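# Descriptive analysis of the structure
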Amino acid sequence: MRYLITVEYCGRNYCGWQRQINAISVQEVLEEKLAVLLRHKVVLHASGRTDSKVHALGQTAHFDTETVIPPQKLLCAVNSMLPDDIRIRDCRVVPDDFHAQYSAKRKTYLYKAYVDRISSPVKEGLYARIIPPLDVELMQKTAEKLIGEHDFRAFSSTGSTVKTTVRTVYRLQITRRGNEIEFEIEGNGFLYNMVRIIVGTLIFVGKGKIPPENVERMLQTGDRKAGGKTFAPEGLYLKSVFYPEIGLPEENCRKS
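What counts, and at which threshold
Residues numbered from 1 in each chain as written. Predicted model: local features only at pLDDT ≥ 70, side-chain atom pairs only at ≥ 80, totals over all residues. Heavy atoms only, no water. Helix = DSSP H or I, 4+ residues; strand = E, 2+ residues; numbered from the N terminus. Expected span 1.5 Å × (residues − 1). Buried < 20%, exposed > 50% of the residue type's maximum accessible area, 1.4 Å probe, protein only. Contact = heavy atoms within 4.5 Å. UniProt positions renumbered as here; feature names shortened; annotations may be inferred. Phe/Tyr/Trp six-rings, centres within 6.5 Å; stacked < 30°, edge-to-face > 60°. Lys NZ or Arg CZ within 6 Å of the ring centre and 35° of its normal. Salt bridge = Lys/Arg side-chain N within 4 Å of Asp/Glu carboxyl O. Pairing = 2+ DSSP bridges.

## Some points on helix α1 (residues 26-38)
With 13 residues, α1 extends 18 Å between its outermost C-alpha atoms, agreeing within 8% with the 18 Å of an ideal straight helix rising 1.5 Å per residue. When we look at burial in α1, the residues that qualify are Val26, Gln27, Glu28, Val29, Leu30, Glu31, Leu34 and Leu38. Packing partners of the buried residues in α1 comprise β1 (2-9), β3 (55-64), α2 (71-79) and β4 (86-94). One or two steps after α1, the chain reaches arginine 39, where phi turns positive at roughly 65°.

Structure below.
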């Protein structure tokens, strides 16, 4: 039987989602607790990895087991064993040919930041800080150039082994509330560090460090040096993964 879990976690204390040899990962913690409950080794296959200090509101992963247990009972049992910074938010049985990574049609990332000359102890590790001034209207206007299908190789860190760097961004919204700013990006897939480079580039535009025209130059030429820095991992959240065939997440399916 194949189960799909949706996981929320704070990444501050972990080396990321994926298992590492000399550090604790979210995957390792979940697999160990599931193994205790199900009494056999469990291997989780996630929608994708998140890096050290990156968070998730809706990471997804599937696993197989011959132990038949109601999804809600499994969710409650595992949550009672997990540390406070990891929780399973949803659990369901899925078809045997379902795959958390390859069945995904869209992903949404959230990036949280605040604009202040003084750092906030309360927001430390959960937000990135931007030193003012910042032109948010210019950033949103520039962000529109990234919507659609493009070659995003200039928005990817080195070390990626993907076959193609062409991706589609369906939505890129910047919202400011007081001194807090949220970037919400939805696409059919993301390259390594793509969201953090997009955010860093738009912030450099908003601070006047690079002209808005550099974004088009990056798309046309693949010139990474024309953009801003890769912004901090602490502000990044994997918000949701979209699987239309199984109706997850429900709020996205109702909009479709």
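## Things to note about the UniProt feature "domain: Pseudouridine synthase I TruA alpha/beta" (unreviewed entry) in the chain
Under the present numbering, the feature "domain: Pseudouridine synthase I TruA alpha/beta" (unreviewed entry) in UniProt falls on residues 7-103 and 143-244. The span residues 7-103 is 23% helical and 25% strand by assignment, and the distance between its end C-alpha atoms comes to 17 Å.

## Some remarks on the packing of aromatic side chains
Tallied over the full model, the rule gives eight aromatic pairs. On the numbers, 6.4 Å between centres and 80° between planes, the contact of tyrosine 114 with tyrosine 127 is edge-to-face. Separated by 13 residues along the polypeptide, tyrosine 114 in strand β5 (residues 106-115) and tyrosine 127 in the loop between β5 and β6 (128-130) bring together distant segments of the chain. Of the two residues examined, tyrosine 114 and tyrosine 127, each falls in the buried class. Ring geometry for phenylalanine 152 against phenylalanine 155: centres 5.9 Å apart, planes inclined by 65°, an arrangement best described as edge-to-face. Both residues of the pair, phenylalanine 152 and phenylalanine 155, belong to the buried class. Put simply, the rings of Tyr111, Phe183 and Phe231 pair up and form one aromatic cluster. The ring centre of tyrosine 127 lies 5.4 Å from the NZ or CZ of lysine 123, which sits over that ring. Lying across the ring of phenylalanine 204, lysine 209 places its NZ or CZ 4.9 Å from the centre.

## Side note on the pattern of salt bridges
For the structure shown, the criterion picks out 15 salt bridges. For arginine 19, the salt bridge goes to glutamate 31, with nearest N and O atoms at 2.6 Å. In this pair, arginine 19 sits in the loop between β1 and α1 while glutamate 31 sits in helix α1, placing the two residues twelve residues apart along the sequence. A relative accessible area of 39% means that arginine 19 is categorised as partly exposed. According to the relative accessible area criterion, glutamate 31 is buried, its value standing at 5%. With its nearest N and O atoms 3.9 Å apart, the salt bridge here joins arginine 49 to aspartate 51. Given a relative accessible area of 47%, arginine 49 falls into the partly exposed group. Put simply, Arg106, Arg171, Glu184, Glu186 and Lys239 are held in one network by salt bridges that share partners.

## Considering the pairing of β3
Across the ten residues that make up β3, a large majority, eight, are buried. Here β1 pairs with β3 via seven bridges, running antiparallel. Within β3, the residue paired with leucine 4 across the bridge is histidine 62. In the sheet, strand β2 (residues 45-46) pairs with β3 via two bridges, with the strands oriented antiparallel. Pairing of histidine 45 across the sheet is with histidine 62, part of β3. Here β3 runs beside strand β10 (residues 236-242); their pairing, made up of two bridges, is parallel.

## Topic: the pairing of β5
Most of β5 is tucked away, with nine of its ten residues classed as buried. Relative to β10, β5 runs antiparallel, the two sharing six bridges. When the sheet's bridge partners are listed, leucine 110 is paired in β10 with tyrosine 237. Note: β5 against strand β9 (residues 180-187), eight bridges, orientation antiparallel.

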